[in-house]
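A look at the structure
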Amino acid sequence: MSVFSHVEFDHHEQVVYGHDKASGLKAIIAIHNSNLGPALGGCRMWPYASDDEALRDVLRLSRGMTYKSALANLPLGGGKAVIIGDPHTGKSEALFQAMGGFVNSLGGRYITAADSGTGVAEMQIMAERTRHVSGAGQREAFDGGMRNGDPSPSTAYGVFIGIQAAVKQRLGRDDLYGLKVAIQGVGQVGFSLAKHLKDAGAELWVTDIVELNVRRAVEQLGARAVAQQDIFSLDVDVFAPCAMGGIINRQTLEALRAPIIAGAANNQLADAELAQELRRRECLYAPDYAINAGGIIDVCYERTGGSAAQLKAHIEGIGETLHLIFQRAELEGRSTVEIADRLAEERFRR
Ligand code: NAD
């Protein structure tokens, strides 16, 4: 299992393996790039089938964080941690204390946060052993309310702002009144996004594998429920993927009719070439790591301080970043992903 010749290796600065026999911790932390600041990224817990699978994930995800933070104009680099283990059966206080110690051993070069398989409770345990952890306490949210460490309301607000920018670019409209939006996945981010859209006068279609989530959106927001497989082919203005990755693939692309794809899910494109294909089809794609940066901005503000108003304004900057990406993509005849990557590289390679 070589790091330097790994297909996902991209000049990562540091890759560290951590083990604690007593708690059974097996973890990897990768720091991709720290030119702009300490590497921040979530700590994922997943029952990886092999060490190599865990390495692949941590290399890929840490690189993605460098791009996301750079695009969001944050003083942060990109990093990620993975714990090899089942989040349903393998969690213990000792495990996360050991993980906290592992994070601490890097002296602040890497700052951890919640991710798939971890949450506020795990961050609080890690915080017993390190201060290089985000999302462990109460704080003021972008709208002035108090929240626990969950960044999803900020993510949802950023996606809402991003949809406004995409609608302006592709449809030439300044308001969302009567706009038709299909949301795949009405969990934490999807439901919160749906509320913003509803308040702005949009019409909503939703789907989810959890019936209760669909019912909540129907009853509270007047959304229309659709079957999972039908969400792609609706005659809507915006398709907002807020469930899982890889959702734009050759098959779903054939069914998709929306002229805009703008949602929260990470890694929406099943392969990189689809970005070009979307451009050919005149479907405006808001690169996921640009539009869903509200969460990382929120986490950053928790560390650096700053008022709720400053946090809100920074999240709203996602609209300007997307506007820049859309304009450059059109001017240069390139995909929005290519331009977003280049913009990020211009910032973090300076
Ligand atoms: P969540 O688990 O709360 O919500 C996801 C929802 O999608 C759930 O309700 C789930 O039942 C549903 N779902 C799963 N598979 C589905 C399918 N095949 N069809 C329809 N619905 C399906 O997660 P979340 O925090 O809302 O995050 C949503 C997405 O946004 C994820 O891809 C996540 O990685 C990404 N994201 C989240 C944040 C954040 O701050 N939470 C930040 C950046 C990116």
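On a predicted model such as this, the values are computed, not experimentally measured, just so you know.

Concerning unusual backbone geometry
For asparagine 73, which is not a glycine, the phi torsion comes out positive at approximately 55 degrees. Along the polypeptide, asparagine 73 turns up in the loop between helix 1 (51-71) and strand 4 (77-84). Among the residues examined, asparagine 73 registers a relative accessible area of 48% and is labelled partly exposed. Positioned with a positive phi, asparagine 267 is a non-glycine residue whose angle comes to about 50 degrees.

Focus: the sheet that holds strand 11 (residues 238-241)
The pairing of strands in a sheet happens through backbone hydrogen bonds and is either parallel or antiparallel. Spatial strand order, 10-9-8-11-12-13: six strands in an open sheet with parallel pairing. A strand with exactly one partner marks an edge of an open sheet, and here the two such strands are strand 10 (224-225) and strand 13 (284-285).

What about the sheet that holds strand 2 (residues 25-33)?
On the basis of which strands lie adjacent, the open sheet formed by five strands has the order 1-2-4-3-5 and mixed pairing. For this open sheet the edge positions go to strand 1 (14-20) and strand 5 (110-114), each flanked by a neighbour on one side alone. Shown here is a sheet whose adjacent strand axes are inclined to one another by a mean of 25 degrees, direction ignored. Two strands pair when backbone bridges link them, and strand 3 (residues 39-46) and strand 5 are joined in this way by five bridges, in the parallel orientation. Among the inter-strand pairings, glycine 41 is bridged to a residue of strand 5, identified as threonine 112.

As for the site of the ligand
In the neighbourhood of the ligand, 20 residues make up the surrounding shell, with Thr155, Gln188, Val189, Asp208 and Asn213 lying closest. Residue valine 189 places a main-chain N or O atom 2.8 Å away from an oxygen atom belonging to the ligand. Between the ligand and asparagine 213, the relevant distance is 2.8 Å, taken from an oxygen atom to a side-chain nitrogen or oxygen of the residue. If the ligand stood free it would expose 830 Å²; the protein chains cover 74% of that surface. Those elements giving two or more residues to the shell around the ligand turn out to be helix 4 (152-171) and helix 5 (188-199).

Re the pattern of salt bridges
Tallying each qualifying case throughout the model produces 22 salt bridges. Of the charged contacts in the structure, one is a salt bridge between glutamate 122 and lysine 91, with a shortest N-O distance of 3.1 Å. A residue pair is termed long-range when its members are at least 10 positions apart, and glutamate 122 in helix 3 (residues 120-126) and lysine 91 in the loop between strand 4 and helix 2 (93-104) qualify at 31 residues. Judged by relative accessible area, glutamate 122 falls into the buried class, the value being 11%. Close ionic contact of aspartate 174 with lysine 168 constitutes a salt bridge, the shortest N to O distance being 3.0 Å. The structure contains a network of salt bridges with shared partners spanning Arg328, Glu332, Arg334, Glu338, Arg342 and Glu346.

Points about the environment of leucine 40
As for its placement among the helices and strands, leucine 40 is situated in strand 3. Given the relative accessible area of 2%, leucine 40 is considered buried. Taking the C-alpha atoms as reference points, leucine 40 and isoleucine 296, separated by 256 residues in sequence, lie 8.5 Å from one another. Leave out the neighbours within four places in its chain, and leucine 40 touches Met65, Leu76, Gly77, Gly78, Gly79, Ile111, Ala113, Ser134, Ile296, Val299 and Arg303.

Regarding the environment of glycine 245
Note on placement: glycine 245 falls in the loop between strand 11 and helix 7 (250-255). Once the C-alpha coordinates of glycine 245 and aspartate 208 are considered, the two residues, 37 residues apart in sequence, prove to be 14 Å apart. Excluding residues within four positions of it along the chain, glycine 245 makes contact with Asn266 and Asn267.

Parameters and conventions
- Each chain has its residues counted from 1, running along the sequence as written.
- With pLDDT at 70 or above as the cut-off, local features in this predicted model cover only qualifying residues; side-chain atom pairs require 80 or more to be listed or tallied, and sums for whole chains, interfaces and linings still use all residues.
- For the side-chain quantities, the full set of heavy atoms in the structure was used; hydrogens and water were omitted.
- Secondary structure follows DSSP: runs of H or I at least 4 residues long count as helices, runs of E at least 2 residues long count as strands, and numbering of each begins at the N terminus.
- Categorising residues by exposure relies on relative accessible area from a 1.4 Å probe, with only protein chains included: less than 20% of the type maximum marks a residue as buried, more than 50% marks it as exposed, and the intermediate range marks it as partly exposed.
- In this description, strands pair whenever DSSP reports at least two bridges between them.
- Lines fitted to the C-alpha atoms define the axes, with helices restricted to the stretch that makes contact. Angles between their N-to-C directions range from 0 to 180 degrees.
- Think of it this way: one heavy atom of a residue within 4 Å of a molecule or strand is enough to make that residue near it.
- Distance and chemistry together define a polar contact, namely a pair of N or O atoms within 3.5 Å, with one atom able to donate a hydrogen and the other to accept it when in protein, and with adjacent residues in sequence counting only for side-chain atoms on both sides.
- Methods summary: accessible areas were calculated by the Shrake-Rupley approach with a probe of 1.4 Å, and residue burial reflects only the protein chains presented.
- By salt bridge we mean one thing: a side-chain nitrogen of Lys or Arg within 4 Å of a carboxyl oxygen of Asp or Glu.
- The criterion used for residue contact is that any of the two residues' heavy atoms lie within 4.5 Å.

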